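So you can see what is in the structure, the chains are spelled out below.
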There are 2 protein chains.
Amino acid sequence: MKDARKIKDLLYEQVARIGKVFSSPKRLELVELLCQGEKSVETLAHEASISVKLTSAHLRELRAAHLVETERQGKNIYYRLADKSVADLWVQIHTLAEERLIELQMALQKIATQPHDLVPSDRESLMKAARKGEVVVLDVRPSEEYLTAHLPFARSIPLEELRKRLGELPKDRAIVAYCRGPYCLMAADAVALLNGEGYSAIHLRDGVAEWAVTNR
Amino acid sequence: MKDARKIKDLLYEQVARIGKVFSSPKRLELVELLCQGEKSVETLAHEASISVKLTSAHLRELRAAHLVETERQGKNIYYRLADKSVADLWVQIHTLAEERLIELQMALQKIATQPHDLVPSDRESLMKAARKGEVVVLDVRPSEEYLTAHLPFARSIPLEELRKRLGELPKDRAIVAYCRGPYCLMAADAVALLNGEGYSAIHLRDGVAEWAVTNR
DNA sequence: TAATCATTCTAATATTTATTAGAATGTAAT
DNA sequence: ATTACATTCTAATAAATATTAGAATGATTA
(Lines give C-alpha, C1' and ligand atoms only; values in the text may rest on other atoms or scores of the structure.)
Protein backbone atom coordinates (compact mmCIF):
# COMPACT_ATOMS: atom_id res chain seq x y z
CA MET A 1 0.00 0.00 0.00
CA LYS A 2 2.26 2.76 -1.23
CA ASP A 3 -0.57 5.27 -1.56
CA ALA A 4 -1.09 5.22 2.19
CA ARG A 5 0.10 8.83 2.30
CA LYS A 6 -2.54 9.91 -0.18
CA ILE A 7 -5.29 8.24 1.79
CA LYS A 8 -4.15 9.84 5.03
CA ASP A 9 -3.89 13.26 3.42
CA LEU A 10 -7.44 12.86 2.20
CA LEU A 11 -8.71 11.90 5.64
CA TYR A 12 -7.11 14.79 7.49
CA GLU A 13 -8.22 17.16 4.76
CA GLN A 14 -11.82 16.19 5.39
CA VAL A 15 -11.54 16.74 9.12
CA ALA A 16 -9.89 20.09 8.44
CA ARG A 17 -13.06 21.13 6.59
CA ILE A 18 -14.83 21.02 9.93
CA GLY A 19 -11.99 22.78 11.70
CA LYS A 20 -12.02 25.59 9.13
CA VAL A 21 -15.58 26.43 10.04
CA PHE A 22 -14.45 27.13 13.58
CA SER A 23 -11.41 29.16 12.55
CA SER A 24 -13.22 32.41 11.77
CA PRO A 25 -14.57 34.69 14.52
CA LYS A 26 -17.71 35.58 12.60
CA ARG A 27 -18.52 31.99 11.76
CA LEU A 28 -18.16 31.14 15.43
CA GLU A 29 -20.59 33.88 16.29
CA LEU A 30 -23.04 32.56 13.72
CA VAL A 31 -22.74 29.06 15.14
CA GLU A 32 -23.45 30.37 18.61
CA LEU A 33 -26.49 32.24 17.34
CA LEU A 34 -27.72 29.10 15.60
CA CYS A 35 -27.33 27.26 18.89
CA GLN A 36 -30.27 29.40 20.08
CA GLY A 37 -32.55 28.10 17.34
CA GLU A 38 -33.20 28.58 13.64
CA LYS A 39 -32.81 32.07 12.23
CA SER A 40 -33.05 33.84 8.88
CA VAL A 41 -30.01 35.21 7.08
CA GLU A 42 -31.08 38.76 7.79
CA THR A 43 -31.53 38.10 11.49
CA LEU A 44 -28.15 36.42 11.68
CA ALA A 45 -26.51 39.30 9.83
CA HIS A 46 -28.07 41.83 12.15
CA GLU A 47 -27.22 40.00 15.34
CA ALA A 48 -23.65 39.34 14.25
CA SER A 49 -23.26 42.94 13.03
CA ILE A 50 -22.13 42.02 9.52
CA SER A 51 -23.57 42.49 6.04
CA VAL A 52 -26.12 40.08 4.65
CA LYS A 53 -23.77 39.17 1.83
CA LEU A 54 -20.95 38.29 4.13
CA THR A 55 -23.34 36.35 6.34
CA SER A 56 -24.50 34.43 3.30
CA ALA A 57 -20.92 33.64 2.35
CA HIS A 58 -20.13 32.32 5.82
CA LEU A 59 -23.32 30.30 5.90
CA ARG A 60 -22.35 28.76 2.61
CA GLU A 61 -19.15 27.52 4.25
CA LEU A 62 -21.17 26.08 7.08
CA ARG A 63 -23.45 24.33 4.66
CA ALA A 64 -20.55 23.01 2.59
CA ALA A 65 -19.28 21.35 5.75
CA HIS A 66 -22.76 19.89 6.32
CA LEU A 67 -23.02 21.58 9.69
CA VAL A 68 -26.23 23.50 8.96
CA GLU A 69 -29.47 22.88 7.11
CA THR A 70 -31.72 25.36 5.38
CA GLU A 71 -35.41 25.67 4.93
CA ARG A 72 -37.37 28.22 2.99
CA GLN A 73 -40.28 29.86 4.77
CA GLY A 74 -41.97 32.36 2.51
CA LYS A 75 -39.48 34.98 1.47
CA ASN A 76 -36.91 34.03 4.05
CA ILE A 77 -34.46 31.20 4.25
CA TYR A 78 -33.95 29.83 7.71
CA TYR A 79 -30.76 28.17 8.85
CA ARG A 80 -30.43 25.70 11.68
CA LEU A 81 -27.69 23.46 13.02
CA ALA A 82 -27.69 20.08 11.31
CA ASP A 83 -27.15 18.27 14.58
CA LYS A 84 -26.90 18.84 18.29
CA SER A 85 -23.30 17.66 18.15
CA VAL A 86 -22.40 20.87 16.31
CA ALA A 87 -23.49 22.86 19.35
CA ASP A 88 -21.54 20.47 21.54
CA LEU A 89 -18.40 21.08 19.51
CA TRP A 90 -18.85 24.85 19.80
CA VAL A 91 -19.12 24.49 23.55
CA GLN A 92 -16.06 22.28 23.74
CA ILE A 93 -13.98 24.61 21.60
CA HIS A 94 -14.81 27.74 23.54
CA THR A 95 -14.33 25.87 26.79
CA LEU A 96 -10.86 24.77 25.71
CA ALA A 97 -10.11 28.31 24.62
CA GLU A 98 -11.13 29.60 28.03
CA GLU A 99 -8.93 27.02 29.71
CA ARG A 100 -5.83 27.66 27.63
CA LEU A 101 -5.86 31.32 26.58
CA ILE A 102 -5.04 33.82 29.29
CA GLU A 103 -6.08 36.64 26.98
CA LEU A 104 -9.58 35.21 26.81
CA GLN A 105 -9.77 34.71 30.54
CA MET A 106 -8.87 38.33 31.08
CA ALA A 107 -11.36 39.58 28.52
CA LEU A 108 -14.10 37.53 30.17
CA GLN A 109 -13.29 39.00 33.56
CA LYS A 110 -14.04 42.44 32.17
CA ILE A 111 -17.57 41.35 31.39
CA ALA A 112 -18.19 40.04 34.88
CA THR A 113 -19.71 43.01 36.63
CA GLN A 114 -19.33 41.35 39.97
CA PRO A 115 -17.74 38.13 41.19
CA HIS A 116 -21.28 36.82 41.29
CA ASP A 117 -20.95 34.45 38.39
CA LEU A 118 -22.08 30.94 38.97
CA VAL A 119 -19.76 28.06 38.26
CA PRO A 120 -20.77 24.69 36.81
CA SER A 121 -20.55 22.95 40.17
CA ASP A 122 -23.53 25.00 41.32
CA ARG A 123 -25.82 23.41 38.78
CA GLU A 124 -27.43 20.88 41.03
CA SER A 125 -28.06 23.27 43.87
CA LEU A 126 -29.34 25.89 41.45
CA MET A 127 -31.89 23.47 40.03
CA LYS A 128 -32.86 22.39 43.52
CA ALA A 129 -33.48 25.98 44.56
CA ALA A 130 -35.28 26.75 41.30
CA ARG A 131 -37.56 23.77 41.81
CA LYS A 132 -38.48 24.98 45.26
CA GLY A 133 -39.01 28.50 43.99
CA GLU A 134 -36.23 29.90 46.16
CA VAL A 135 -34.57 31.49 43.16
CA VAL A 136 -35.94 32.79 39.89
CA VAL A 137 -34.11 31.57 36.79
CA LEU A 138 -34.50 34.34 34.23
CA ASP A 139 -34.00 33.92 30.47
CA VAL A 140 -33.36 37.38 28.97
CA ARG A 141 -33.01 36.29 25.32
CA PRO A 142 -35.63 37.17 22.69
CA SER A 143 -38.74 35.12 23.31
CA GLU A 144 -38.40 33.01 20.15
CA GLU A 145 -35.14 31.68 21.48
CA TYR A 146 -36.73 30.93 24.82
CA LEU A 147 -39.49 29.04 23.03
CA THR A 148 -37.00 26.92 21.11
CA ALA A 149 -35.21 25.78 24.25
CA HIS A 150 -34.58 27.08 27.75
CA LEU A 151 -33.19 25.98 31.07
CA PRO A 152 -35.40 24.05 33.46
CA PHE A 153 -37.74 26.27 35.49
CA ALA A 154 -36.64 29.36 33.54
CA ARG A 155 -38.98 32.31 33.09
CA SER A 156 -38.72 34.51 30.00
CA ILE A 157 -38.36 38.28 30.10
CA PRO A 158 -36.40 39.55 27.07
CA LEU A 159 -33.80 42.15 27.98
CA GLU A 160 -35.64 44.77 25.93
CA GLU A 161 -38.78 44.43 28.01
CA LEU A 162 -37.06 44.00 31.34
CA ARG A 163 -37.32 47.59 32.57
CA LYS A 164 -41.05 47.70 31.88
CA ARG A 165 -41.72 44.32 33.43
CA LEU A 166 -39.66 44.66 36.61
CA GLY A 167 -42.83 44.28 38.64
CA GLU A 168 -43.09 40.62 37.66
CA LEU A 169 -39.94 39.82 39.61
CA PRO A 170 -39.64 39.37 43.37
CA LYS A 171 -37.24 41.46 45.43
CA ASP A 172 -36.98 38.99 48.28
CA ARG A 173 -35.45 36.18 46.23
CA ALA A 174 -32.31 35.76 44.19
CA ILE A 175 -32.64 36.16 40.41
CA VAL A 176 -30.30 34.12 38.25
CA ALA A 177 -30.12 35.61 34.75
CA TYR A 178 -28.70 33.88 31.69
CA CYS A 179 -28.60 34.49 27.95
CA ARG A 180 -26.89 32.89 24.94
CA GLY A 181 -23.69 31.92 26.65
CA PRO A 182 -20.50 33.40 28.05
CA TYR A 183 -19.93 35.75 25.08
CA CYS A 184 -23.38 37.23 25.12
CA LEU A 185 -23.69 40.43 27.10
CA MET A 186 -27.45 40.47 27.62
CA ALA A 187 -27.45 38.70 30.97
CA ALA A 188 -24.68 40.95 32.25
CA ASP A 189 -26.75 43.99 31.29
CA ALA A 190 -29.83 42.50 32.91
CA VAL A 191 -27.95 41.82 36.13
CA ALA A 192 -26.62 45.38 36.22
CA LEU A 193 -30.11 46.76 35.66
CA LEU A 194 -31.72 44.54 38.28
CA ASN A 195 -29.13 45.17 40.96
CA GLY A 196 -29.46 48.90 40.32
CA GLU A 197 -33.18 48.63 41.02
CA GLY A 198 -32.85 46.86 44.32
CA TYR A 199 -33.08 43.28 43.17
CA SER A 200 -30.46 40.70 44.04
CA ALA A 201 -29.44 39.31 40.67
CA ILE A 202 -26.54 37.11 39.69
CA HIS A 203 -25.18 36.13 36.27
CA LEU A 204 -25.14 32.56 35.01
CA ARG A 205 -22.67 32.33 32.15
CA ASP A 206 -23.98 29.12 30.66
CA GLY A 207 -26.55 29.21 27.91
CA VAL A 208 -28.67 26.32 26.75
CA ALA A 209 -25.86 24.86 24.62
CA GLU A 210 -23.44 24.89 27.55
CA TRP A 211 -26.08 23.50 29.85
CA ALA A 212 -26.78 20.63 27.47
CA VAL A 213 -23.18 19.45 27.56
CA THR A 214 -22.53 17.07 30.41
CA ASN A 215 -19.11 16.55 31.99
CA ARG A 216 -18.47 20.21 32.65
CA MET B 1 -21.87 50.03 26.91
CA LYS B 2 -21.51 51.03 23.27
CA ASP B 3 -18.25 49.09 22.83
CA ALA B 4 -20.08 45.82 23.34
CA ARG B 5 -19.33 44.92 19.74
CA LYS B 6 -15.59 45.38 20.27
CA ILE B 7 -15.62 43.15 23.31
CA LYS B 8 -17.53 40.43 21.51
CA ASP B 9 -15.23 40.61 18.50
CA LEU B 10 -12.29 40.17 20.82
CA LEU B 11 -13.84 37.14 22.48
CA TYR B 12 -14.70 35.28 19.28
CA GLU B 13 -11.30 36.15 17.87
CA GLN B 14 -9.65 34.39 20.76
CA VAL B 15 -11.73 31.26 20.34
CA ALA B 16 -10.95 31.33 16.63
CA ARG B 17 -7.26 31.04 17.52
CA ILE B 18 -8.03 27.55 18.79
CA GLY B 19 -10.18 26.75 15.79
CA LYS B 20 -7.43 27.81 13.40
CA VAL B 21 -5.14 25.16 14.80
CA PHE B 22 -7.64 22.52 13.74
CA SER B 23 -8.20 23.99 10.29
CA SER B 24 -5.06 22.62 8.65
CA PRO B 25 -4.71 18.95 7.69
CA LYS B 26 -1.06 18.79 8.66
CA ARG B 27 -1.64 20.41 12.02
CA LEU B 28 -4.39 17.89 12.69
CA GLU B 29 -2.00 15.09 11.88
CA LEU B 30 0.58 16.57 14.25
CA VAL B 31 -2.03 16.84 17.00
CA GLU B 32 -2.96 13.20 16.50
CA LEU B 33 0.69 12.18 16.67
CA LEU B 34 1.14 14.19 19.86
CA CYS B 35 -1.86 12.34 21.29
CA GLN B 36 0.40 9.29 21.30
CA GLY B 37 2.99 10.95 23.53
CA GLU B 38 5.76 13.53 23.36
CA LYS B 39 7.88 13.60 20.21
CA SER B 40 10.78 15.57 18.76
CA VAL B 41 10.35 17.90 15.80
CA GLU B 42 12.27 15.54 13.54
CA THR B 43 10.15 12.56 14.53
CA LEU B 44 6.97 14.52 13.96
CA ALA B 45 8.21 15.75 10.59
CA HIS B 46 9.08 12.22 9.52
CA GLU B 47 5.83 10.67 10.67
CA ALA B 48 3.72 13.41 9.09
CA SER B 49 5.77 13.27 5.87
CA ILE B 50 6.61 16.97 5.81
CA SER B 51 9.81 18.99 6.07
CA VAL B 52 11.27 19.85 9.45
CA LYS B 53 10.88 23.52 8.71
CA LEU B 54 7.23 23.25 7.94
CA THR B 55 6.72 21.08 11.00
CA SER B 56 8.42 23.74 13.09
CA ALA B 57 6.16 26.42 11.62
CA HIS B 58 3.03 24.41 12.41
CA LEU B 59 4.26 23.65 15.90
CA ARG B 60 4.80 27.33 16.43
CA GLU B 61 1.11 27.88 15.69
CA LEU B 62 0.22 25.19 18.17
CA ARG B 63 2.40 26.78 20.80
CA ALA B 64 1.00 30.25 20.11
CA ALA B 65 -2.44 28.84 20.88
CA HIS B 66 -1.03 27.35 24.11
CA LEU B 67 -2.05 23.86 23.03
CA VAL B 68 1.42 22.31 23.26
CA GLU B 69 4.41 22.60 25.55
CA THR B 70 8.07 22.10 24.73
CA GLU B 71 11.00 20.68 26.62
CA ARG B 72 14.59 20.46 25.56
CA GLN B 73 16.27 17.10 26.01
CA GLY B 74 19.86 17.28 24.83
CA LYS B 75 19.94 18.30 21.21
CA ASN B 76 16.28 17.70 20.62
CA ILE B 77 13.22 19.68 21.54
CA TYR B 78 10.27 17.56 22.50
CA TYR B 79 6.68 18.67 22.06
CA ARG B 80 3.73 17.41 24.02
CA LEU B 81 0.07 18.37 24.32
CA ALA B 82 -0.48 21.00 27.00
CA ASP B 83 -3.54 19.23 28.31
CA LYS B 84 -5.60 16.10 27.90
CA SER B 85 -8.52 18.27 26.78
CA VAL B 86 -6.62 19.01 23.55
CA ALA B 87 -6.72 15.31 22.70
CA ASP B 88 -10.41 15.27 23.62
CA LEU B 89 -11.10 18.11 21.22
CA TRP B 90 -9.26 16.30 18.42
CA VAL B 91 -11.40 13.24 19.04
CA GLN B 92 -14.60 15.28 19.08
CA ILE B 93 -13.73 17.12 15.89
CA HIS B 94 -12.88 14.02 13.90
CA THR B 95 -15.92 12.26 15.31
CA LEU B 96 -18.16 15.11 14.15
CA ALA B 97 -16.43 15.05 10.78
CA GLU B 98 -17.13 11.34 10.47
CA GLU B 99 -20.76 11.90 11.38
CA ARG B 100 -21.37 14.77 8.99
CA LEU B 101 -19.13 14.27 5.96
CA ILE B 102 -20.12 11.53 3.56
CA GLU B 103 -16.81 11.92 1.77
CA LEU B 104 -14.98 11.01 4.95
CA GLN B 105 -17.24 8.05 5.62
CA MET B 106 -16.52 6.71 2.18
CA ALA B 107 -12.79 7.22 2.48
CA LEU B 108 -12.79 5.39 5.79
CA GLN B 109 -14.63 2.45 4.29
CA LYS B 110 -11.78 1.98 1.87
CA ILE B 111 -9.43 1.43 4.77
CA ALA B 112 -11.61 -1.18 6.37
CA THR B 113 -10.27 -4.41 4.95
CA GLN B 114 -13.25 -6.32 6.20
CA PRO B 115 -16.49 -5.42 7.93
CA HIS B 116 -14.73 -6.61 11.05
CA ASP B 117 -14.32 -3.24 12.64
CA LEU B 118 -15.44 -2.93 16.18
CA VAL B 119 -17.85 -0.27 17.17
CA PRO B 120 -17.85 1.69 20.44
CA SER B 121 -20.69 -0.32 21.90
CA ASP B 122 -18.41 -3.35 21.96
CA ARG B 123 -16.11 -1.75 24.50
CA GLU B 124 -17.44 -3.40 27.57
CA SER B 125 -17.60 -6.87 26.10
CA LEU B 126 -14.14 -6.42 24.60
CA MET B 127 -12.68 -5.54 27.98
CA LYS B 128 -14.49 -8.44 29.58
CA ALA B 129 -13.08 -10.87 27.04
CA ALA B 130 -9.63 -9.32 27.29
CA ARG B 131 -9.68 -9.67 31.06
CA LYS B 132 -10.52 -13.34 30.77
CA GLY B 133 -7.84 -13.84 28.12
CA GLU B 134 -10.38 -14.84 25.49
CA VAL B 135 -9.06 -12.23 23.09
CA VAL B 136 -5.64 -10.65 22.67
CA VAL B 137 -5.65 -6.85 22.48
CA LEU B 138 -2.67 -5.94 20.32
CA ASP B 139 -1.02 -2.51 20.21
CA VAL B 140 0.96 -2.26 16.96
CA ARG B 141 2.35 1.26 17.47
CA PRO B 142 6.05 1.91 18.14
CA SER B 143 6.91 0.74 21.64
CA GLU B 144 7.55 4.26 23.00
CA GLU B 145 3.96 5.12 22.28
CA TYR B 146 2.78 1.95 23.96
CA LEU B 147 4.86 2.84 27.01
CA THR B 148 3.32 6.31 27.22
CA ALA B 149 -0.22 4.98 27.28
CA HIS B 150 -2.09 1.94 26.03
CA LEU B 151 -5.47 0.26 26.27
CA PRO B 152 -6.21 -1.99 29.23
CA PHE B 153 -4.79 -5.52 28.82
CA ALA B 154 -3.05 -4.55 25.58
CA ARG B 155 0.13 -6.30 24.50
CA SER B 156 2.74 -4.47 22.42
CA ILE B 157 4.13 -5.77 19.14
CA PRO B 158 5.10 -2.88 16.85
CA LEU B 159 3.98 -3.37 13.27
CA GLU B 160 7.59 -3.48 12.07
CA GLU B 161 8.38 -6.48 14.25
CA LEU B 162 5.09 -8.26 13.78
CA ARG B 163 6.16 -10.68 11.05
CA LYS B 164 9.15 -11.84 13.07
CA ARG B 165 7.20 -12.18 16.28
CA LEU B 166 4.10 -13.97 14.97
CA GLY B 167 4.93 -16.93 17.20
CA GLU B 168 4.03 -14.89 20.28
CA LEU B 169 0.39 -14.79 19.22
CA PRO B 170 -2.19 -17.55 19.58
CA LYS B 171 -4.07 -18.89 16.58
CA ASP B 172 -7.00 -20.18 18.59
CA ARG B 173 -8.13 -16.81 19.92
CA ALA B 174 -9.27 -13.58 18.36
CA ILE B 175 -6.69 -10.82 18.06
CA VAL B 176 -7.95 -7.24 18.27
CA ALA B 177 -5.39 -4.86 16.79
CA TYR B 178 -5.35 -1.09 17.26
CA CYS B 179 -2.98 1.78 16.53
CA ARG B 180 -3.12 5.59 16.72
CA GLY B 181 -6.73 5.99 15.76
CA PRO B 182 -9.04 5.73 12.77
CA TYR B 183 -6.68 7.55 10.39
CA CYS B 184 -3.67 5.44 11.17
CA LEU B 185 -3.19 2.53 8.83
CA MET B 186 -0.90 0.39 10.97
CA ALA B 187 -3.62 -1.70 12.57
CA ALA B 188 -5.26 -2.31 9.20
CA ASP B 189 -1.93 -3.57 7.86
CA ALA B 190 -1.44 -5.73 10.91
CA VAL B 191 -4.89 -7.26 10.54
CA ALA B 192 -4.25 -8.03 6.87
CA LEU B 193 -0.93 -9.65 7.72
CA LEU B 194 -2.35 -11.69 10.58
CA ASN B 195 -5.37 -12.94 8.69
CA GLY B 196 -3.10 -13.90 5.81
CA GLU B 197 -1.10 -16.07 8.18
CA GLY B 198 -4.02 -17.96 9.61
CA TYR B 199 -4.80 -15.82 12.62
CA SER B 200 -8.24 -14.41 13.25
CA ALA B 201 -7.61 -10.71 13.64
CA ILE B 202 -10.01 -7.80 13.74
CA HIS B 203 -9.41 -4.05 13.59
CA LEU B 204 -10.30 -1.72 16.44
CA ARG B 205 -10.42 1.80 15.06
CA ASP B 206 -10.11 3.60 18.37
CA GLY B 207 -6.72 4.64 19.65
CA VAL B 208 -5.89 5.69 23.18
CA ALA B 209 -7.24 9.23 22.65
CA GLU B 210 -10.59 7.94 21.38
CA TRP B 211 -10.73 5.37 24.14
CA ALA B 212 -10.14 8.03 26.77
CA VAL B 213 -13.17 10.01 25.68
CA THR B 214 -16.31 8.88 27.42
CA ASN B 215 -19.81 9.29 25.96
CA ARG B 216 -18.97 7.68 22.68
C1' DT C 1 37.34 26.50 20.92
C1' DA C 2 35.65 24.89 16.86
C1' DA C 3 32.51 22.01 14.63
C1' DT C 4 28.18 19.78 14.36
C1' DC C 5 23.46 19.14 14.93
C1' DA C 6 18.44 20.19 15.76
C1' DT C 7 15.58 23.70 15.70
C1' DT C 8 13.86 28.33 15.14
C1' DC C 9 13.60 32.85 13.09
C1' DT C 10 13.24 36.00 9.09
C1' DA C 11 11.93 37.02 4.75
C1' DA C 12 10.01 35.91 0.29
C1' DT C 13 6.61 33.87 -2.67
C1' DA C 14 2.52 30.94 -3.71
C1' DT C 15 -1.85 29.83 -2.36
C1' DT C 16 -6.21 30.53 0.27
C1' DT C 17 -9.55 33.01 2.41
C1' DA C 18 -12.34 37.22 3.61
C1' DT C 19 -14.83 40.81 2.00
C1' DT C 20 -17.27 43.69 -1.16
C1' DA C 21 -20.07 44.88 -5.32
C1' DG C 22 -23.14 43.70 -9.17
C1' DA C 23 -25.92 40.41 -11.53
C1' DA C 24 -29.06 36.50 -11.06
C1' DT C 25 -32.59 33.55 -8.75
C1' DG C 26 -36.80 32.40 -6.77
C1' DT C 27 -40.79 33.75 -3.92
C1' DA C 28 -44.55 36.84 -2.54
C1' DA C 29 -47.36 40.85 -3.08
C1' DT C 30 -49.69 44.24 -6.24
C1' DA D 1 -47.50 40.20 -15.45
C1' DT D 2 -44.95 43.36 -12.85
C1' DT D 3 -42.74 44.74 -8.86
C1' DA D 4 -40.46 44.18 -4.60
C1' DC D 5 -37.85 41.43 -1.58
C1' DA D 6 -34.48 38.07 0.44
C1' DT D 7 -30.90 35.50 -0.70
C1' DT D 8 -27.37 33.45 -3.52
C1' DC D 9 -23.99 33.35 -7.17
C1' DT D 10 -20.01 35.28 -9.71
C1' DA D 11 -16.19 37.90 -10.01
C1' DA D 12 -12.81 41.07 -8.19
C1' DT D 13 -9.69 42.73 -4.76
C1' DA D 14 -7.66 42.85 -0.08
C1' DA D 15 -5.88 40.24 3.61
C1' DA D 16 -4.12 36.19 5.67
C1' DT D 17 -1.87 31.68 5.56
C1' DA D 18 1.16 27.89 3.80
C1' DT D 19 5.38 26.78 2.20
C1' DT D 20 10.17 27.20 1.11
C1' DA D 21 15.04 28.88 1.53
C1' DG D 22 18.82 31.07 4.07
C1' DA D 23 20.60 32.98 8.30
C1' DA D 24 20.70 32.62 13.30
C1' DT D 25 20.43 30.26 17.87
C1' DG D 26 21.66 27.19 21.44
C1' DA D 27 23.25 22.79 22.99
C1' DT D 28 26.44 18.94 22.32
C1' DT D 29 30.57 16.69 20.78
C1' DA D 30 35.37 16.51 19.12
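Details of the structure are given in the entry above.
Since the model is a prediction, treat every value here as computed from it, not as a measurement.

Undergrad: What is the right way to look at unusual backbone geometry in this model?
TA: Excluding glycine, residues mostly carry a negative phi; peptide bonds, for their part, are mostly trans. Residues and elements named next belong to chain A. In this structure, serine 49 takes a positive phi of about 60° despite not being glycine. With respect to the helices and strands, the residue serine 49 is situated in the loop between α3 (41-48) and α4 (52-64). With a relative accessible area of 43%, serine 49 lands in the partly exposed category. Even without glycine at this site, histidine 66 takes up a positive phi of about 60°. Mapped onto the fold, histidine 66 is located in the loop between α4 and β2 (68-73). Under the relative-accessibility criterion, histidine 66 is labelled partly exposed at 28%.

Undergrad: Is there a simple way to explain the side chain of glutamate 47 of chain A in this structure?
TA: As for its position among the elements, glutamate 47 of chain A is in helix α3. Setting aside residues up to four positions removed in sequence, glutamate 47 of chain A forms contacts with Glu29, Leu33, Lys39, Glu145 and Arg180 of chain A together with Arg5 of chain B.

Undergrad: I would appreciate a short explanation of the protein's contact with DNA strand D in the present structure.
TA: If you check the shell around DNA strand D, you find 19 residues, and the closest are Ser56, Asn76 and Tyr79 of chain A together with Lys20 and Lys53 of chain B. When atoms of DNA strand D within 4 Å of the protein are sorted by moiety, sugar and phosphate together comprise 79%. Between lysine 53 of chain B and DNA strand D, the recorded distance is 2.6 Å, taken from a side-chain N or O atom to a base nitrogen. Within the contact set of DNA strand D, a phosphate oxygen lies 3.2 Å away from a side-chain nitrogen or oxygen of histidine 58 of chain B. For the surface near DNA strand D, the secondary-structure elements that each account for two or more residues are α3, α4 and β3 (76-81) of chain A together with α4 (52-64) of chain B. Looking at side-chain class alone, the surface near DNA strand D contains four nonpolar, six polar and nine charged residues.

Undergrad: Sorry, what's going on with the packing of helix α6 (residues 102-111) of chain A against helix α1 (residues 4-21) of chain B here?
TA: A packed helix pair is summarised by two numbers, namely the angle formed by the two axes and the spacing between the axes. In contact at an axis separation of 10 Å, α6 of chain A and α1 of chain B are set at 155° when each is read in the N-to-C sense. As far as their axial angle goes, α1 of chain B and α6 of chain A are roughly antiparallel. For the crossing formed where α6 of chain A meets α1 of chain B, the hand is left-handed. Between α6 of chain A, through Glu103, Leu104, Ala107, Leu108 and Ile111 of chain A, and α1 of chain B, the contact on the second element is made entirely by Ile7, Leu10, Leu11, Gln14, Val15 and Arg17 of chain B. Partitioning the contact of α6 of chain A with α1 of chain B into residue classes produces eight nonpolar, one polar and two charged.

Undergrad: Mind showing me how you'd approach the interface of chain A and chain B here?
TA: For an interface, size is often stated in terms of accessible area lost upon the parts coming together. With 56 residues of chain A at the contact, the number on the chain B side is 57 residues. Both faces combined, the contact of chain A with chain B buries some 4800 Å², and carbon together with sulfur accounts for 67% of it. Put simply, chain A and chain B have eight salt bridges between them. Residue glutamate 29 of chain A is joined to arginine 5 of chain B by a salt bridge in which the shortest nitrogen-to-oxygen separation is 2.7 Å. Linking chain A with chain B are 15 residue pairs in polar contact (both at pLDDT 80 or more). When residues of the side of chain A that touches chain B are traced back to their parent elements, those giving at least two are α1 (4-21), α2 (25-34), α3, α5 (84-100) and α6 of chain A. Broken down by element, the residue count for the side of chain A that touches chain B peaks at 16 residues, all from α1 of chain A.

Undergrad: Would you mind going over the relation of the copies chain A and chain B with me for this structure?
TA: For the pair of chain copies, the relating transformation is a rotation about an axis with a translation along it. Mapping chain A onto chain B leaves a residual RMSD of 0.0 Å; the transformation is a rotation of 180° accompanied by 0.0 Å of translation along its axis. What the rotation and shift describe, once combined, is the action of a two-fold rotation axis. A shared interface surface links the copies, since 98% of the contact residues of chain A are contact residues in chain B too.

Conventions adopted
- Residues numbered from 1 in each chain as written.
- Chains lettered and ligands numbered in written order.
- Predicted model: local features only at pLDDT ≥ 70, side-chain atom pairs only at ≥ 80, totals over all residues.
- Heavy atoms only, no water.
- Helix = DSSP H or I, 4+ residues; strand = E, 2+ residues; numbered from the N terminus.
- Buried < 20%, exposed > 50% of the residue type's maximum accessible area, 1.4 Å probe, protein only.
- Contact = heavy atoms within 4.5 Å.
- Near = heavy atom within 4 Å.
- Polar contact = N/O pair within 3.5 Å; in protein donor to acceptor, adjacent residues only side chain to side chain.
- Nonpolar A, V, L, I, M, F, W, Y, C, P; charged D, E, K, R; others polar.
- Axes fitted to C-alpha atoms, helices over the stretch in contact; angles between N-to-C directions.
- Parallel < 35°, antiparallel > 145°, perpendicular 65-115°, else oblique.
- Left-handed = near helix turned anticlockwise from the far one by under 90°.
- Buried area = accessible area lost by both parts, 1.4 Å probe.
- Salt bridge = Lys/Arg side-chain N within 4 Å of Asp/Glu carboxyl O.
- Least-squares fit on C-alpha atoms with pLDDT ≥ 70 in both.

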